[in-house]
Amino acid sequence: MHNKGFLIAMKKIIFTICIFVLTGCTLHIQDRDAWTAFWNEDSTLVGFKDQNGQIRIEPTYSGSFTSARKFDKIIAVMEEGESRQETFYLTKTGKKAGRGSIYFFDNTPDCESEGYIRFRDRKTDLVGLLNSNGEIAIPAQYNDLTNVRNGYVAALKGATKKCLDGDKNSGCEHFQWDGGIEYFIDTNNRIIIEHFQYDATLNFYSLRIGTEPDRDANRRSFRGADGRYYSFIDYKNEFQLWLDSTLLKSLSKETIIDNSYPKIYFWKEPDGWRMEASLEFINRNSDLLKSRLALLRQGRAEYSVSMDGLNPLIYEADDFDSYYNNCGEPKEWEYPVLSLIINHTTGRDFFQDYFEFLRTTDGYKLISVN
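Here the structure is a predicted model, which means the values were calculated and not measured.

S.K.: Describe in detail the state of the cysteines, supporting the description with residues and values.
M.R.: The final tally for this structure, using the stated rule, is 1 disulfide. Cysteine 111 shares a disulfide with cysteine 327; S-S distance 2.3 Å. Between cysteine 111 and cysteine 327, the disulfide has an S-S torsion of 95 degrees and is therefore right-handed. Here cysteine 327 lies in the loop between strand 24 (303-308) and strand 25 (337-346) and cysteine 111 lies in the loop between strand 9 (108-109) and strand 10 (117-121), a separation of 216 residues in the sequence. Using a relative accessible area of 7% as the deciding quantity, one classes cysteine 111 as buried.

Structure (structure tokens):
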């Protein structure tokens, strides 16, 4: 016969264990959500809060250095002490990695991409990759790396730095790489393509693998180290085909509306950049828009296409949040902006029309007219 008190005690223990396990699981799940940056009272130091507003990191790190405004797994920070400043990468567990080895691009610390972040060995000036635990995923053996895109990285090895200002003593702030071999690798440092020809217009998320070069005119194929062919959509080729087959082929007010972002941004003197619902803007300007675009279909105007990312100084509304990374940088490698520039010459006068199209998950959408 069981002791009644013993059974009650055991139930309490089991209940407590269950609560502990469930709470632990809940905290673990919460940690998968991005933490949001917040400032101290004088806006000099930055910390992070979780989605419930709970402070996970007190304002400790230099706000002028830490560009991350969301903390997914790993970020670059600067800790200011009484006598010196220390830079490193910080994980959500509080681990410090890559001390003094922050990777900079255009004077800005690197931002996490798909759970990875680049670092530069200051002794060798070579670049590697850290994972979300602050562990080395790719050793520092490359001159440079792109950020991680669809689990892959473009890498350069064996190149020499050529200073453009001609003065290496100045720190060689402006330079270009000369020579070397480009590779297409994965996050395990496995070489997928040797002698890769990296181009910013290649869409890594469109990777397709086959036994022969891809016949799709929108794709560029490369022979892999395993003998197979790896092909990628070229954003510019893709946009040109879409322009010809969709927008210009059946050019009308309705077609322009169907292929527009919900808001259109445009420049107006003396106000500067303004925004208006696309339906209203196109209804007011449909004849002008059609007449300018029709010149392309008729072959009566010279034009060019360039590729860039969203300008965060213009497109800063919350509905663009998914098009930027955690540091507020445009994800042009995934959501590029293709600018259609039409040239006009009338006598001695020369002017241009700018139509900007954002590549969204629903295709290219007109987002700006100037």
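Resuming the write-up.
S.K.: How would you explain the sheet that holds strand 21 (residues 229-234) if you had to name every residue and give the values?
M.R.: Read across the open sheet, the 3 strands follow the order 19-21-20; overall the sheet is antiparallel. Either end of the sheet is taken by a strand with one partner, and the two such strands are strand 19 (202-210) and strand 20 (219-223). The average undirected angle you get between the axes of adjacent strands in this sheet is 30 degrees. With 5 bridges joining them, strand 19 and strand 21 adopt antiparallel strand pairing. Along strand 21, the bridge assignment pairs isoleucine 209 with tyrosine 230.

S.K.: Could you give an account of the nonpolar core, with specific residues and numbers?
M.R.: Counting 27 residues, the largest nonpolar core has Phe239, Ile256, Leu293, Leu340, Phe355 and Phe357 as the members making the most contacts within it. Among the secondary structure elements, those contributing two or more residues to this core are helix 2 (235-247), strand 22 (260-268), helix 4 (278-297), strand 25, strand 26 (349-360) and strand 27 (363-369). Looking at this core, the element that brings in the most residues is helix 4, giving 7 residues. Not counting chain neighbours up to four residues away, the residues in contact with leucine 340 comprise Leu243, Leu293, Leu296, Tyr303, Ser304, Val305, Asp353, Tyr354, Phe355 and Phe357. In this structure, Ala76, Met78, Val127 and Tyr142 belong to the second largest nonpolar core, which totals 21 residues.

S.K.: So what about unusual backbone geometry? Which residues, and what values?
M.R.: With omega at -5 degrees, the peptide bond leading from glutamate 269 into proline 270 counts as cis. By secondary structure assignment, the location of proline 270 is in the loop between strand 22 and strand 23 (272-277). Here serine 43, not a glycine, exhibits a phi torsion of approximately 55 degrees, which is positive. With respect to the helices, strands and loops of the structure, serine 43 is situated in the loop between strand 1 (35-39) and strand 2 (45-49). For serine 43, a relative accessible area of 45% corresponds to the partly exposed category. Despite not being glycine, asparagine 107 has its phi angle at roughly 65 degrees, a positive value.

S.K.: Describe in detail helix 2, supporting the description with residues and values.
M.R.: Every buried residue of helix 2 is listed here: Tyr235, Glu238, Phe239, Trp242, Leu243 and Leu247. In a view along the axis of helix 2, the buried residues occupy a sector of 135 degrees, so they form one face of it. For helix 2, the capping residue at the N-terminal end is aspartate 234, with a side-chain oxygen 2.9 Å from the backbone nitrogen of lysine 236.

S.K.: Can you tell me about the pairing of strand 6 (residues 85-91), naming the residues and giving the values?
M.R.: In terms of burial, strand 6 is a largely internal element, 6 of the 7 residues being buried. By the bridge criterion, 7 bridges tie strand 5 (residues 74-80) to strand 6 in an arrangement that is antiparallel. Paired with valine 77 across the bridge in strand 6 is phenylalanine 88. Where strand 5 hands over to strand 6, the hairpin turn is made up of 4 residues, counted between the paired strands.

S.K.: Would you mind going over the packing of aromatic side chains in detail, with residue names and values included?
M.R.: According to the stated counting rule, one finds 28 aromatic pairs in the structure shown. Taking 5.2 Å as the distance between ring centres and 75 degrees as the angle between the ring planes, the aromatic pair formed by phenylalanine 184 and phenylalanine 232 counts as edge-to-face. Taken together, the residues span a long stretch of sequence, with phenylalanine 184 in strand 17 (residues 181-186) and phenylalanine 232 in strand 21 at a distance of 48 residues. Per residue, the accessibility class of phenylalanine 184 equals that of phenylalanine 232, and both read buried. Taken together through their ring pairs, the aromatic side chains of Tyr152, Phe184, Phe196, Tyr198, Phe204, Phe222 and Phe232 make up a single cluster. Directly above the aromatic system of tyrosine 142 lies the positively charged group of lysine 157, at a separation of 5.6 Å from the ring centroid. Note that lysine 161 overlies the ring of phenylalanine 175, its terminal NZ or CZ placed 4.4 Å from the centroid.

Cut-off values and rules
Residues numbered from 1 in each chain as written. Predicted model: local features only at pLDDT ≥ 70, side-chain atom pairs only at ≥ 80, totals over all residues. Heavy atoms only, no water. Disulfide = S-S within 2.5 Å. Helix = DSSP H or I, 4+ residues; strand = E, 2+ residues; numbered from the N terminus. Buried < 20%, exposed > 50% of the residue type's maximum accessible area, 1.4 Å probe, protein only. Pairing = 2+ DSSP bridges. Axes fitted to C-alpha atoms, helices over the stretch in contact; angles between N-to-C directions. Core = buried A, V, L, I, M, F, W, Y, C linked by side-chain atoms within 4.5 Å. Contact = heavy atoms within 4.5 Å. Arc of directions from axis to C-beta. Polar contact = N/O pair within 3.5 Å; in protein donor to acceptor, adjacent residues only side chain to side chain. Phe/Tyr/Trp six-rings, centres within 6.5 Å; stacked < 30°, edge-to-face > 60°. Lys NZ or Arg CZ within 6 Å of the ring centre and 35° of its normal.

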